[in-house]
Amino acid sequence: MIVVRTEKFRVIRVVDGEEARRFPAFYRLIWNDHVAEFSDLSVADRHACMDAVAEIERVLRSLLHPTKVNLAALGNVVPHLHWHVIARFDWDSHFPAPVWAAAQRDEVPGGAAARLAQPLVAVDAAILQAISR
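Residues numbered from 1 in each chain as written. Predicted model: local features only at pLDDT ≥ 70, side-chain atom pairs only at ≥ 80, totals over all residues. Heavy atoms only, no water.

Participant: Explain helix α3 (residues 120–132) here, please?
Facilitator: For an α-helix, the turn length of 3.6 residues means that residues three or four places apart are oriented alike. Here α3 spans 18 Å end to end across 13 residues, near enough to the 18 Å set by a 1.5 Å rise per residue. Taken together, the buried positions of α3 are occupied by L120, V123, D124, A126, I127, A130 and I131. When α3 is viewed along its axis, its buried side chains cluster within an angular range of 165° and face the same direction. Opposite the packed face of α3, turned more than 90 degrees from it, sit the exposed residues V121, Q129 and S132. Of the surrounding elements, those touching the buried residues of α3 are β1 (2–5), β2 (9–13), β3 (26–31) and α2 (43–64). (Helix = DSSP H or I, 4+ residues; strand = E, 2+ residues; numbered from the N terminus. Expected span 1.5 Å × (residues − 1). Buried < 20%, exposed > 50% of the residue type's maximum accessible area, 1.4 Å probe, protein only. Arc of directions from axis to C-beta. Contact = heavy atoms within 4.5 Å.)

Spelled out as structure tokens, the structure:
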């Protein structure tokens with residue numbers, strides 16, 4: 001689901017599949033132009049990209065109070081610049097392991113989204129507002 005679309009990038013919240021079910025506050029910033037590496041960007045674009053990643057992280061911390069926020073820019077499978085910004089909680093099925101590792105415990109009964117401090121639509125709106133300033 002697209003949360004923010006700018007001239008340079010878009011921010012999505014992962015809403016389908018296992019990632020969305022286990023880690024409901026899982027966002028991606030995806031660069032619009034095709035570049036494989038962060039260093040392919042101009043200095044100004046690198047600043048714009050990381051400023052947006054930091055704003056997403058700031059909103060997640062402010063509204064959801066996660067135990068940790070994970071940031072990752074792997075691109076091994078899809079060689080197109082994108083950042084994963086994932087709110088992590090000590091109760092999530094994989095914590096403290098990475099989201100791509102084996103689960104450490106059963107999933108939260110009733111779904112992980114039910115445990116969040118704020119509805120995700122409020123988080124989406126706050127991310128849109130923070131990036132659109």
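Participant: How do you make sense of the packing of α2 against α3 when you look at a structure like this?
Facilitator: Between two packed helices, both the angle of their axes relative to each other and the distance between the axes serve to describe the pair. With their axes 9 Å apart at the nearest point, α2 and α3 run at an angle of 140° to one another. Relative to α3, the element α2 is oriented oblique. The element α2 and its partner α3 pack so that their crossing is right-handed. In this structure, α2 contributes A52, E55, I56, R58, V59, L60, L63 and L64 to the contact, and α3 contributes A122, V123, A126, I127, A130 and I131. Along the lines of polarity and charge, the residues of the contact of α2 with α3 split into twelve nonpolar, no polar and two charged. (Axes fitted to C-alpha atoms, helices over the stretch in contact; angles between N-to-C directions. Parallel < 35°, antiparallel > 145°, perpendicular 65-115°, else oblique. Left-handed = near helix turned anticlockwise from the far one by under 90°. Nonpolar A, V, L, I, M, F, W, Y, C, P; charged D, E, K, R; others polar.)

Participant: Would you mind going over α2 with me for this structure?
Facilitator: Taking 1.5 Å as the rise per residue, α2 with 22 residues should run 32 Å; its terminal C-alpha atoms sit 31 Å apart, in good agreement. Looking at the packing, one finds that the buried side of α2 touches β2, β3, β4 (68–72), β5 (82–88) and α3. Positioned one or two residues after α2, H65 has a phi angle of 55°, which is positive.

Keep in mind that these numbers describe shape and distance, not what the molecule does.
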